[in-house]
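Architecture and fold: a report
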Amino acid sequence: MTNTANSQQKSRMLSEHYTLRKETLKDGSFLYSVLDESGNVIKTRKTGHEYVACCVFDNLFFGKVSLIGKGEHARRIAYAKHVINGDTVKMDRFGHVTDLSKIYSSEERNQWRAYLVALSVIAYLPTENSKS
């Protein structure tokens with residue numbers, strides 16, 4: 001993917017508005033759907049858990065808004081930033097250090113840049129106040 005196409009894709013992802021929709025199923029579980037501005041379903045998830053938000057282009061769902069940017073979401077963001085910057089990072093609990101600039105090519109780092117942008121695109125469940 002060229003840099004121009006990559007930046008156009010990033011612009012499109014960030015400019016579109018996504019919504020998380022929740023339906024209660026007969027068995028008591030929930031069906032979550034991420035919708036774009038046109039009402040097209042981007043992805044769905046059936047679960048027994050309650051969520052308020054999710055990453056549109058990744059498989060991360062959040063039970064509370066305060067969890068966005070924490071836990072696994074924060075780890076993925078941090079790792080993507082390390083790859084993009086070509087950092088040398090401690091990779092495991094044994095203290096093994098890896099130079100990420102030697103593992104990932106510049107094209108792969110561009111793909112990680114796109115992934116970092118994708119991690120920032122969040123769909124929220126509408127609040128009761130915003131429903132008309």
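One can find the structure itself at the top, above this paragraph.
Sequence order as written defines residue numbering, which begins from 1 separately in each chain. For this predicted model, a pLDDT threshold of at least 70 governs which residues receive local features, and a threshold of 80 or more governs which side-chain atom pairs are given and counted, while totals over whole chains, interfaces and linings are taken from all residues. Heavy atoms throughout the structure, all of them, feed into the side-chain values; hydrogens and water do not.

1. Regarding the overall build of the chain
The secondary structure content of the chain amounts to four helices and eight strands. Residue exposure (1.4 Å probe, protein chains only): buried if accessible area is under 20% of the type maximum, exposed if over 50%, otherwise partly exposed. Here the chain, with 132 residues, has 30% of them falling under the buried criterion. Sequence separation of 24 or more characterises 40% of the internal contacts of the chain that already satisfy a separation of 6 or more. Here the Shrake-Rupley method, with its probe set to 1.4 Å, supplies the accessible areas, and only the displayed protein chains count as covering residues. Approximately 8400 Å² of the chain is accessible, and the part contributed by carbon and sulfur atoms is 51%. Going along the chain from the N terminus, every DSSP run of H or I of four or more residues is numbered as a helix, and every run of E of two or more is numbered as a strand. Only heavy atoms matter for contacts: two residues are in contact if any of them lie within 4.5 Å across the pair.

2. Focus on helix H2 (residues 71-85)
The end-to-end C-alpha distance of H2, which contains 15 residues, comes to 21 Å, matching closely the 21 Å that a straight helix rising 1.5 Å per residue would cover. Among the residues making up H2, those that are buried are His 73, Ala 80, Val 83 and Ile 84. One side of H2 carries all its buried residues, which in axial view fall inside an arc of 100 degrees. Pointing more than 90 degrees away from the buried face of H2 are the exposed residues Arg 75 and Asn 85. A positive phi of about 70 degrees marks Gly 86, the residue just after H2. To estimate the expected span of a helix, subtract one from its residue number and multiply by 1.5 Å. To be clear, the arc concerns the directions from the helix axis to the C-beta atoms.

3. Let's talk about the pattern of salt bridges
Opposite charge on two side chains lets them pair, provided their charged atoms get close. Salt bridges are counted wherever a side-chain nitrogen of Lys or Arg sits within 4 Å of a carboxyl oxygen of Asp or Glu. Inspection of every chain in the model, using the stated rule, returns six salt bridges. The salt bridge involving Arg 21 is made with Glu 23; its shortest N-O contact spans 3.4 Å. Of the residues examined, Glu 23 reaches a relative accessible area of 33% and is grouped as partly exposed. Asp 58 serves as the salt-bridge partner of Arg 76, at 2.7 Å between the closest nitrogen and oxygen. On the criterion of sequence distance, the pair formed by Arg 76 in helix H2 and Asp 58 in the loop between strand E4 (53-55) and strand E5 (61-62) is long-range, its members being 18 residues apart. In this structure Arg 76 comes out as partly exposed when scored by relative accessible area, which is 24%.

4. Section: the pairing of strand E3 (residues 41-47)
For two strands to be treated as a pair, DSSP must find at least two bridges joining them. Here strand E2 (residues 30-35) pairs with E3 via six bridges, running antiparallel. The partner of Val 34 across the bridge, within E3, is Lys 43. Counting the residues in the hairpin turn of E2 and E3 gives five residues, including Gly 39, whose phi is positive at 90 degrees.

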